[in-house]
Amino acid sequence: MIELKSRQEIETMAQAGAVVAALLEYLADLTRPGITTKALDEEARAFLRAKKAKPAFLGYRGFPACICVSVNEEVVHGIPGEREIRHGDLVSLDAGAVVDGFYADAARTVAVGVVSPEAQRLLETAERALAEGIQQAVVGRRVNDIAHAVQRLVEAEGFSVVREFVGHGIGRAMHEEPPVPNFGPPNIGPRLKAGMVLAIEPMVTAGRPDVEILADGWTAVTKDHSLAAHAEDTVAVTDHGARILTRVLDAQRRGD
Ligand code: MG
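None of the values given here were measured: they were computed from a predicted structure.

Looking at this model, I keep getting lost on the packing of aromatic side chains. Mind explaining?
Both the distance between ring centres and the angle between the ring planes are used here to describe each pair of aromatic rings. Enumeration according to the criterion identifies two aromatic pairs in this entry. Ring geometry for Phe63 against Trp218: centres 4.9 Å apart, planes inclined by 85°, an arrangement best described as edge-to-face. Within this pair, whereas Phe63 is found in the loop between strand S1 (54–55) and strand S2 (67–71), its partner Trp218 is found in the loop between strand S11 (211–213) and strand S12 (220–222), the two being separated by 155 residues in sequence. In this arrangement the basic side chain of Lys51 is found over the ring face of Phe47, its NZ or CZ atom lying 5.3 Å from the centre. Seen from the ring of Phe183, Arg163 lies directly overhead, with NZ or CZ sitting 5.2 Å from the centre.

In structure tokens, the structure reads:
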């Protein structure tokens, strides 16, 4: 069953979303050569505490950190640790927060210094695919219209979309119905209604789409070790179109 959110609930989710967006902006700025992924996680923990928001990922099925940091061939769910960020890395930062019982989830991929032209194009393709998917998140379309739009854009660039992980409904839980894939034919799946809130999250690889999970039980990497990029927003379907909830509000920036 797909739970529809009230207007008030969507406003609460927008509060959570603003915290996540501000956190990701803050972390993106810190993602420079020499910082460890663990230090980024510690910054995230402090940031969320200061905003009185609960980290959504910490403890989720035993996940040991507040954020996921996935570098280069890592696609998603990288566990922060002693790894140091290096010049030329492509770093996906994924974060979630809970405010007044409601979740928001988003991810950005950051180019550290100057990256290869292909890496830059991959990052931009993930962002453009997300934007394309969001355009389909309107009343009357179907879930797979999002999926199809994402896949079409990504494959037109000569890249691949990951199949093993998909976007999801979100609300009082981080993962709700429906699943939101990044591939497949259009015009199938549940019809979109006002009040649905979806985490749309294309995961794009420069090579083949296949991934495997490392021995830590979490980190997903491309099987062919090709680069990956990830972009995600939490989006409400409203009577006035798609509303991105994971947007920075000035009042949420650190230091206010
Ligand atoms: Mg997600």
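What should I look at first to understand the sheet that holds strand S15 (residues 241–244) in this one?
Within a sheet, adjacent strands bond to each other through the backbone by hydrogen bonds, running parallel or antiparallel. Sheet architecture is open: five strands sit in the order S8-S7-S9-S14-S15, paired in antiparallel fashion. Looking at the sheet topology across the chains shown, the edges are occupied by strand S8 (176–180) and S15. Each adjacent strand pair in this sheet contributes to an overall mean axis angle of 25°, direction not counted. Pairing of strand S7 (residues 167–169) with strand S9 (residues 197–200), which is carried by two bridges, proceeds in the antiparallel orientation. Counterpart to His168 in the pairing with S9 is Ala199. Of the strands in this sheet, S9, strand S14 (233–238) and S15 are in contact with helix H1 (residues 7–30), which crosses S15 at around 40°. On top of the sheet, helix H4 (residues 143–156) reaches S8 and S9; it is set at about 35° to S8, its chief contact.

Looking at this structure, I do not really get the environment of His77. What am I missing?
Mapping His77 onto the fold places it in the loop between strand S3 (74–76) and strand S4 (90–99). Note on His77: relative accessible area 23%, which makes it partly exposed. Setting aside chain neighbours within four positions, we find His77 in contact with Phe63, Cys68, Ser70, Phe165, Trp218 and Thr219.

Help me understand the coordination of the magnesium ion in this model?
For a metal with four donors in a tetrahedral arrangement, the ideal angle between donors is 109.5 degrees, while six donors in an octahedron ideally sit at 90 or 180 degrees. Donor atoms from the polypeptide that coordinate the magnesium ion comprise Asp105 (OD), His168 (NE2), Glu201 (OE) and Glu232 (OE), at 2.2 to 2.3 Å from the metal. Spacing between the donor residues of the magnesium ion along their common chain follows D-x62-H-x32-E-x30-E. Here Glu201, found in the loop between S9 and strand S10 (203–205), pairs with Glu232, found in the loop between strand S13 (228–230) and S14; they are 31 residues apart in sequence, far enough to count as distant. Each member of the pair, Glu201 as well as Glu232, carries the same accessibility label: buried.

How do you make sense of the packing of H1 against helix H2 (residues 37–50) when you look at a structure like this?
Two quantities define a packed helix pair, namely the angle between the helix axes and the distance between the axes. H2 packs onto H1 with a crossing angle of 145° between their chain directions and a minimal axis gap of 10 Å. Two packed elements cross with a definite hand, and for H1 against H2 that hand is right-handed. On the side of H1, the interface is formed by Val19, Ala22, Leu23, Tyr26, Leu27 and Leu30, while H2 contributes Leu40, Glu43, Ala44, Phe47 and Leu48.

What is the right way to look at the pairing of S15 in this model?
Successive side chains on a regular strand alternate, one facing one side of the sheet and the next facing the other. Where S14 meets S15, four bridges bridge the pair, whose relative direction is antiparallel. Bridge pairing links Val235 to Ile244 in S15. Taken together, S14 and the strand that follows it, S15, pair antiparallel across an intervening segment of two residues.

Even after reading the chapter, I still don't get the pairing of S2, so can you show me in this structure?
With respect to burial, S2 is a largely interior element, five of its five residues being buried. Side chains Ile67, Val69 and Val71 of S2 all project onto a buried face; the interleaved residues Cys68 and Ser70 project onto the opposite face, where all are buried too. Examined bridge by bridge, S2 and S4 share five bridges and lie antiparallel to one another. In the strand pairing of S4, Cys68 is matched with Asp94.

Here is what the cut-offs are and how they apply
- Residues numbered from 1 in each chain as written.
- Predicted model: local features only at pLDDT ≥ 70, side-chain atom pairs only at ≥ 80, totals over all residues.
- Heavy atoms only, no water.
- Phe/Tyr/Trp six-rings, centres within 6.5 Å; stacked < 30°, edge-to-face > 60°.
- Helix = DSSP H or I, 4+ residues; strand = E, 2+ residues; numbered from the N terminus.
- Lys NZ or Arg CZ within 6 Å of the ring centre and 35° of its normal.
- Pairing = 2+ DSSP bridges.
- Axes fitted to C-alpha atoms, helices over the stretch in contact; angles between N-to-C directions.
- Contact = heavy atoms within 4.5 Å.
- Buried < 20%, exposed > 50% of the residue type's maximum accessible area, 1.4 Å probe, protein only.
- Donors = N, O, S within 2.8 Å, 3.2 Å for Na, K, Ca; no water.
- Left-handed = near helix turned anticlockwise from the far one by under 90°.

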